[in-house]
Amino acid sequence: MLPIDTKKIEKHWLDYWEKERIYAFDKNSKPVFSIDTPPPTVSGEMHIGHAYSYSQQDFIARYKRMQGFSVFYPFGTDDNGLPTEKLIQKIKNVKSKDFSRQEFIELCLKTLKEITPAFIQDWKNIGVSCDYNLYYSTINDNSRKMSQKMFLELYKQGLVYKTDFPTIWDTEFQTPVAQAELEDREKESLFTTIKFHVQEKILPIATTRPELLGACLAIFVNPEDKRYKHFIGKKATVPIFNNLVPILADAHAEMEKGTGALMICSYGDKQDVEAVKKHKLTPRVIITKEGKINAHPYEGLYIKEARAKILEDLQNQNLIIKQEKIKHVTNVYEKSGREIEFLPTEQWFIKILDKKSVLLKQGKKINWYPKHMQKRYENWIHGLEWDWSISRERHFGIPIPVWHCRSCNHIILAKESELPIDPVQKEKICDKCKMKAEPETKVLDTWATSSLTPQIASSLVNNKIKLPYSLRPQAHDIIRTWAFYTIVRSLYHEKKIPWKDTIISGFVTLEGQKMSKSKGNGIKPQTIMEEFSADALRYAAASSKLGEDSDYQEKDIITGKKFVTKILNATNFVFMNLKYQKQAKLHETDRLLLQQLNQIIDSATESFNSYNYSKAKLDTESFFWKTFADNYLEIVKNRVYNGTKEEKESAFYTLYQSLLAITKMMAPITPFIAEEIYQQHFKKHEKAKSIHLSKWPDEFKIKKTKEDGKVWNRMIELISSVRQAKSEAQKSMKAEIILTLPKSDHKLLVKLINDIKAVTGAKTIEEGEFKIEFT
RNA sequence: GGCCCAUUAGUCUAGUGGCAAAACGGCUCGUUUACACCGAGCAGUCCGCAGUUCGAUUCUGCGAUGGGCCACCA
């Protein structure tokens, strides 16, 4: 057997699939299975995590197609965010700020046109069966238009508002960010206990942020705190700044934490924001958008510099009681890694806080696979503290299509016919006071657009695909963003859930560690495909369960490659001697084999229906390897070579049908080799022009008795015993024996006796106590 | 601090209220009418404690360890 040229096979069928448009969505045929495909961020190349998760969704797409659905499986790329901006700047060696927004978007579109085909090729190469003619980019004209249009819709419904409430701010990128974009990071910092004077007495306050002293507005002590009770209602002198602030009773000050007294600053954290609101304090913001202090005598210093300087000053004035190094966890913006601030700037929000209960209800209407992923969605909603911040002070992105008239404080909306539009490029006169209105310069957060993928994808087919889609596949790290926001938008725009089902995939890890470029442990799917074939990679992806992280192990890929070789070899054997039989009078062994196969068809179908592709693969593969190849082929060999006409015909029929069923059941997992086998051997007798358009196997309608399983198992057990005996006696598997079977076996296996004789190499089978003798 | 998930052979994973399974690795062999990218066989395991049960690896509770999400972060 020559080594199999999988590359050649894969290339051949990729071309065929594309040329014959095997995966084209036919909007006129029914029923439709619609998939809200995740659009990957254009960033160079497909990585191993993509390879696994997109393979996993593809198993489902291919299965559904074989089940007779017209599968709506579009492909999109997400390219309106920071990663794209950075990518384009790098490729073109430019700075986005040197362009007008419109010009930069044009440059992006142009550049994307150049680089996207190569990017998408990886998805094609791994056999993802999207209809690539149904393609969208989240920055193209249509997406911008839809995103802006739907923003305006929300505005008209009163679900979007603009406010200058303190919002989560990143000082590096100088933009507001959403709660969902935060992550925890452990940092080391100095925990300093500072003397506040209350007349002649001292009130100690511990803080990690002394630079905010200039923004101190009040001090909280717990009303139950005996140490400080007598301070309540008095005023404390802020060190360095020497202004007086009130000491207030608030249960929010926990007695065990720090010194038990807490300073409220505008704004150190989220609690400060709430405290200011609750006690109607007048904020004094001393941090700028760039992360500098603007309060005398520290103006112009960056936060960290100011912190060092103020600690020095406190020390010199003997105002420090105690200082210790602590590790504490702080909120940082996931993209910059920098600690976030809370700054009052004018920003846009989508209301979500007052919709928690209905959003929870929507979540319950969706089937989550695995089930417990729904909990993550619910936990996220329970923990929400901010409305959805959607404006970003970035240059690149989809512009917010409004103008603000400052003289009469009126918001002017773009007309639908103007979309997509960049308000900066168009002057508007206020329709109320006739003054010139100020264009909104901010852009929408990328999630504000990618939360509309169902609508954007549907617009590619004249909005034929209605909500809810059949399926949303995605990874678990973006439940709080992509899944959540999509559910929000579908509710607001269409009062519907976006999809009936969602399947949540896990990560690919390497030795238990999450893969990342920085750790240098990236394994490239392109290399794996080159070395082992796309089918082998997909096979490995099918071994990991939905929702579970799976550790990348090369041996799984090797197992996949072996499977490909094995099924090709088995196919070669089957067709080496086979004459096509449309039907046949079934020999008992063959009938039993088909009964065994029926069980696998049944269970694989059920598994796929509940998105359990890994079980379907495991069952099918084990049937193929153990039952079909190791046993049935060995049993039937003799009849194929030496049988009577009837015996041969039955064997041919059974071999053909069972191999076809196995190949079909593996087709969603290993589509290339399945197609190869189908085209080489089956197509001339079957109708479909591709195995991927062929019908998923039905159970064979053949005679069935209660004893079938028992008889089959007994025969396999016998064969096994004989093999074991030969192994132990160090004999060849072909060694001739005399087999003695008890009467009960003779009765049970009466119709199989000749096949058993052949497969065990028994010269004769006698009756008596079970015994294997070598001749 | 709250919630979720996991814990099964040397490794990585299936699975089940009634003899615990595959792959890889190890060991012992075999192999010329599909396959040495093969075949046969062997060895080896349910995190701990309590409970429910005739029976628990499986269900329940508690705990341990690992992972994740969230909150807190003066």
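Residues numbered from 1 in each chain as written. Chains lettered and ligands numbered in written order. Predicted model: local features only at pLDDT ≥ 70, side-chain atom pairs only at ≥ 80, totals over all residues. Heavy atoms only, no water.

Draft legend 1. Seen up close, the overall build of chain A. When helices and strands are tallied, chain A shows 22 helices and 32 strands. Against the globule reference of 28 Å for 775 residues, chain A gives a C-alpha radius of gyration of 35 Å, more extended than a compact globule. In chain A, which comprises 775 residues, the share counted as buried stands at 56%. Pairs at least 24 apart in sequence give 78% of the contacts found in chain A among residues at least 6 apart. (Helix = DSSP H or I, 4+ residues; strand = E, 2+ residues; numbered from the N terminus. Rg over C-alpha atoms; globule rule 2.2 N^0.38 Å. Buried < 20%, exposed > 50% of the residue type's maximum accessible area, 1.4 Å probe, protein only. Contact = heavy atoms within 4.5 Å.)

Draft legend 2. Inspection of empty space enclosed by the protein at higher detail. Evaluated as defined, the whole model comprises 3 cavities of 30 Å³ or more. Approximately 70 Å³ is the volume found for the largest cavity. If you go around the largest cavity, you meet 13 residues; those closest to its centre are Q179, I352, L384, W388 and Y485. Contributions of two or more residues to the lining of the largest cavity are made by β18 (388-389) and α12 (479-494). (1 Å grid on protein atoms, 1.4 Å probe; cavity = no way out; pocket = protein on both sides within 12 Å on 5 of 7 lines; lining within 4 Å. Points joined across faces, edges and corners; volume = space filled by probe spheres on them.)

Draft legend 3. Examining the protein's contact with RNA strand B more closely. Looking at RNA strand B, there are 57 residues lining it, with F191, A206, V329, R480 and Y641 nearest. Backbone atoms, meaning sugar and phosphate, form 69% of the atoms of RNA strand B found within 4 Å of the protein. At a separation of 3.2 Å, a phosphate oxygen of RNA strand B approaches a polar side-chain atom of Q271. Within the side chain of K734, a nitrogen or oxygen atom sits 3.3 Å from a phosphate oxygen of RNA strand B. Counted by class, the surface near RNA strand B contains 17 nonpolar, 20 polar and 20 charged residues. (Near = heavy atom within 4 Å. Polar contact = N/O pair within 3.5 Å; in protein donor to acceptor, adjacent residues only side chain to side chain. Nonpolar A, V, L, I, M, F, W, Y, C, P; charged D, E, K, R; others polar.)

Draft legend 4. The arrangement of the sheet that holds strand β6 (residues 166-170) in detail. In spatial order, the strands read β7-β6-β15; together these 3 strands make up an open sheet with antiparallel pairing. The sheet terminates laterally at β7 (175-176) and β15 (341-344), the two strands that pair on one side only. (Pairing = 2+ DSSP bridges.)

Draft legend 5. Quick peek at the sheet that holds β18. The strand order across the open sheet built from 3 strands is β5-β16-β18, with neighbouring strands paired in antiparallel fashion. Since the sheet does not close on itself, it has two edges, and those belong to β5 (160-163) and β18, each with one partner.

Draft legend 6. Molecular detail of the pattern of salt bridges. As enumerated under the stated definition, the model contains 48 salt bridges in all. We note a salt bridge from E341 to R209, for which the minimum N-O separation is 3.0 Å. With E341 in strand β15 and R209 in the loop between β9 (201-207) and β10 (216-221), this residue pair connects regions lying 132 residues apart in the sequence. In this structure, D313 and K309 form a salt bridge, with 3.3 Å as the shortest nitrogen-oxygen distance. Residue D313 and its partner K309 are located together in helix α7 (residues 303-316), separated by 4 residues, close to a single helical turn. The buried category is assigned to D313, whose relative accessible area is 15%. Via salt bridges that share partners, K162, E346, R406, E438, E440 and K442 belong to a single interconnected network. (Salt bridge = Lys/Arg side-chain N within 4 Å of Asp/Glu carboxyl O.)

Draft legend 7. Quick look at helix α8 (residues 356-365). Along α8, the residues that are buried comprise L359, L360, Q362 and G363. Looking straight down α8, one finds its buried side chains confined to an arc of 155°; they lie on one side. In α8, those exposed residues whose orientation departs by more than 90 degrees from the buried face are S357, K361 and K364. (Arc of directions from axis to C-beta.)

Draft legend 8. Here's a closer look at the packing of aromatic side chains. Under the definition given, this model contains 39 aromatic pairs. Geometrically, the ring pair formed by Y54 and W123 is edge-to-face, given 5.4 Å between the ring centres and 90° between the ring planes. Here the residue Y54 occupies a position in helix α2 (residues 48-66), and W123 occupies one in helix α4 (residues 101-125), the gap between them amounting to 69 residues. Judged by relative accessible area, which is 3%, Y54 ranks as buried. A relative accessible area of 0% places W123 in the buried class. Ring geometry for F75 versus Y132: centroids 5.4 Å apart, planes at 45°, classification tilted. With F75 in strand β3 (residues 75-77) and Y132 in the loop between α4 and β4 (135-137), this pair connects stretches of sequence that are 57 residues apart. An aromatic cluster of at least three residues, connected via ring pairs, comprises W368, Y377, W388, W447, F484 and Y485. For K731, the ring lying beneath its charged end belongs to F774, and the centroid distance is 5.3 Å. (Phe/Tyr/Trp six-rings, centres within 6.5 Å; stacked < 30°, edge-to-face > 60°. Lys NZ or Arg CZ within 6 Å of the ring centre and 35° of its normal.)

Draft legend 9. The nonpolar core, seen in detail. Among the nonpolar cores identified, the biggest contains 185 residues, and F484 and F628 are the most heavily contacted of them. Aside from chain neighbours lying at most four places away, what touches F484 is I352, L359, Y377, W380, I381, L384 and I479. Ranked by size, the runner-up nonpolar core spans 35 residues in total, among them L203, A215, A295 and I303. (Core = buried A, V, L, I, M, F, W, Y, C linked by side-chain atoms within 4.5 Å.)

Draft legend 10. Focus on the side chain of T663. Relative to the elements of secondary structure, T663 occurs in helix α18 (residues 645-666). If near-sequence neighbours (up to four positions away) are discounted, T663 is found in contact with I567, A674, I677, F682 and I691.

Draft legend 11. How the structure looks around the layout of surface pockets. Approximately 1,600 Å³ is the volume found for the second largest pocket. Those elements that provide at least two residues to the lining of the second largest pocket are β8 (182-198), β9, β13 (261-265), α6 (270-278), α7, β14 (320-333) and β15. In terms of residues, the lining of the second largest pocket owes the most to one element, β8, which gives 6 residues. Within the lining of the second largest pocket, the residues separate by chemical class into 17 nonpolar, 14 polar and 15 charged.

Draft legend 12. Quick peek at the packing of helix α16 (residues 588-609) against α18. Here α16 crosses α18 at 15°, and the two axes come no closer than 11 Å. Judged on the interaxial angle alone, α18 and α16 are roughly parallel. When the axes of α16 and α18 are compared, the crossing they make is left-handed. On α18, the residues touching D590, L593, L594, L597, I600, I601, A604 and F608 of α16 are S650, A651, Y653, T654, S658, A661 and M665. Looking at the contact of α16 with α18, its residues break down into 11 nonpolar, 3 polar and 1 charged. (Axes fitted to C-alpha atoms, helices over the stretch in contact; angles between N-to-C directions. Parallel < 35°, antiparallel > 145°, perpendicular 65-115°, else oblique. Left-handed = near helix turned anticlockwise from the far one by under 90°.)

Draft legend 13. α12, seen in detail. Across the 16 residues of α12, 14 count as buried, placing the element largely inside the fold. K495 sits one or two residues past α12 and shows a positive phi near 55°.

Draft legend 14. View of the confidence of the model for chain A. A residue-level look at chain A finds 98% of positions with pLDDT of 70 or above and a mean pLDDT of 91. Across the interfaces of the predicted complex, the ipTM metric reaches 0.92, alongside a pTM of 0.92. (pLDDT = per-residue confidence, 0-100.)

Draft legend 15. Structural view of unusual backbone geometry. With an omega dihedral of 5°, the bond running from H296 to P297 counts as a cis peptide bond. Position of P297 relative to the elements: it lies in the loop between α6 and α7. Here the residue pair Y369 and P370 is connected by a cis peptide bond, since its omega of -10° sits within 30 degrees of zero. Along the chain, P370 falls in the loop between β17 (367-369) and α9 (373-382). Phi is positive for R21, which is not a glycine, with a value near 50°. For R21, a relative accessible area of 45% puts it in the partly exposed group. A positive phi angle is found at N463, which is not glycine, with a value near 55°. Positionally, N463 belongs in the loop between α11 (453-458) and β25 (469-475).

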